[in-house]
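# Architecture and fold: a report
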Amino acid sequence: MLTLLKKIYCKIKMKLSDDIEVTAYDFNTSNPLGDNGERVDIQLNGKINFDNLDKYQKNHWKRYEFAKEIISINEICGDFACGTGYGSILIADKASAVVGADLNAKVIETIKERYNTYTNVNFLNENLLNLSYTNYFDNIISFETLEHFKEADLKKLLLIFYKAIKEKGKLIFSTPYMQEESEAAINAGFHFTFYINEEKIFNWLQEVGFSIESIQYQNYDTHHISGSLQKKEFIVCVAGKNIIQAC
């Protein structure tokens, strides 16, 4: 979970090393890329120095490394709620094709230009609830997405993912673990579903036809994804598409 406190500050651009240039953004209306959205921006212009990333970037980066280990060479992947697109680019190094989709038109316009040399990546400005793929993707990756939807819409979203994935394909996703429905979180306006745990995820996935292959966790202390963390701030799940869809 990225910060939920709305603070007004300017865009800060930092040259952290010769290997990476990172732009840190506020997650509100002063965000020149995000327009009141929670997004992590890592501009891929060379080798990444992981130690120079901030804690949000480190967690985000590790999730894409985790996904990249799972996917196979030359598979077709969706990166839904792709944000600033660097994760789509990371996956594209292994996948044959990547479709990144995000709700924000300004973000998509910017990253299309930023990564225009990557011919196997296509960025779409689209509401995920309007996607209409059928048996197209070997894997769908969607990090920090579920909490941005009202619980009433989650079945529709997961069913869209289910239909878009090929038989025996995988859904790889993360979400804040047991985030409280606090006044600060509600006022920030980014999240609409709270207290997400293993039982809720199991029920949501089973209802549309997915089966859980693994559940692991992540926190801001270590950034590593593990099944045995005591401090759990994020839940990271891999689900498989069953051959016969549940009703």
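## Regarding the side chain of D138
The topology assignment puts D138 in strand β7 (residues 137-143). Among the polar contacts made by the side chain of D138, one reaches the main-chain amide nitrogen of I76 at a distance of 2.8 Å. Those residues in contact with D138 that lie beyond four places of it in its chain are E75, I76, I165, K166, G169 and K170.

## Section: the packing of helix α4 (residues 151-164) against helix α6 (residues 198-208)
Think of two packed helices as two axes; the pair is described by the angle between the axes and how far apart they sit. Put simply, α4 and α6 touch, their axes get as near as 9 Å, and they point 50 degrees apart. Taken together, the axes of α4 and α6 are oblique relative to one another. Viewed along their axes, α4 and α6 form a crossing whose handedness is right-handed. Between α4 and α6, the residues in contact are E151, L154, K155, L158, L159 and Y162 and W204, L205, E207 and V208, respectively. Class assignment for the residues of the contact of α4 with α6 results in seven nonpolar, no polar and three charged.

## Some words on the sheet that holds strand β9 (residues 210-218)
In sheet architecture, strand pairing relies on hydrogen bonds along the backbone and comes in two forms, parallel and antiparallel. Read across the open sheet, the seven strands follow the order β6-β5-β4-β7-β8-β10-β9; overall the sheet is mixed. Unpaired on one side and paired on the other, β6 (121-125) and β9 mark the two borders of the sheet. Pairs of neighbouring strands in the sheet enclose a mean axial angle of 15 degrees, with direction left out of account. This element, helix α3 (residues 105-114), spans β5 (97-102) and β6 of the sheet and lies at about 160 degrees to β6.

## Quick look at the pairing of strand β8 (residues 165-176)
In the sheet, β7 pairs with β8 via six bridges, with the strands oriented parallel. Along β8, the bridge assignment pairs I141 with I172. Across seven bridges, β8 lies against strand β10 (residues 234-241) in antiparallel orientation. Along β10, the bridge assignment pairs F173 with C237.

## Notes on the environment of F210
Tracing the chain through its elements places F210 in strand β9. With a relative accessible area of 3%, F210 lands in the buried category. Sequence spacing of F210 and L158 is 52 residues, and the spatial spacing of their C-alpha atoms is 8.9 Å. Ignoring anything within four residues of it in the chain, the contact list for F210 reads L158, F161, Y162, I165, L171, L205, A239, G240, K241 and N242.

## Describing the packing of aromatic side chains
Summed over the entire model, instances satisfying the criterion amount to 14 aromatic pairs. Relative to Y86, the ring of Y64 has its centre 5.6 Å away and its plane inclined at 65 degrees; by these criteria the two rings are edge-to-face. Placement of Y64 in helix α1 (residues 55-70) and of Y86 in helix α2 (residues 86-92) is noted, with a sequence separation of 22 residues between them. Y86 sits in the buried class, given a relative accessible area of 1%. With 6.0 Å between their ring centres and 75 degrees between their planes, Y115 and Y118 make a pair best called edge-to-face. Using a relative accessible area of 33% as the deciding quantity, one classes Y118 as partly exposed. Aromatic rings pair up to connect F80, Y133, Y136, F137 and F161 into one cluster. Cation over ring: K62 sits above F50, and NZ or CZ is 5.0 Å from the ring centre. Just above the ring of Y162 sits the side chain of K241; from NZ or CZ to the centre is 4.7 Å.

The rules behind each value
Residues numbered from 1 in each chain as written. Predicted model: local features only at pLDDT ≥ 70, side-chain atom pairs only at ≥ 80, totals over all residues. Heavy atoms only, no water. Helix = DSSP H or I, 4+ residues; strand = E, 2+ residues; numbered from the N terminus. Polar contact = N/O pair within 3.5 Å; in protein donor to acceptor, adjacent residues only side chain to side chain. Contact = heavy atoms within 4.5 Å. Axes fitted to C-alpha atoms, helices over the stretch in contact; angles between N-to-C directions. Parallel < 35°, antiparallel > 145°, perpendicular 65-115°, else oblique. Left-handed = near helix turned anticlockwise from the far one by under 90°. Nonpolar A, V, L, I, M, F, W, Y, C, P; charged D, E, K, R; others polar. Pairing = 2+ DSSP bridges. Buried < 20%, exposed > 50% of the residue type's maximum accessible area, 1.4 Å probe, protein only. Phe/Tyr/Trp six-rings, centres within 6.5 Å; stacked < 30°, edge-to-face > 60°. Lys NZ or Arg CZ within 6 Å of the ring centre and 35° of its normal.

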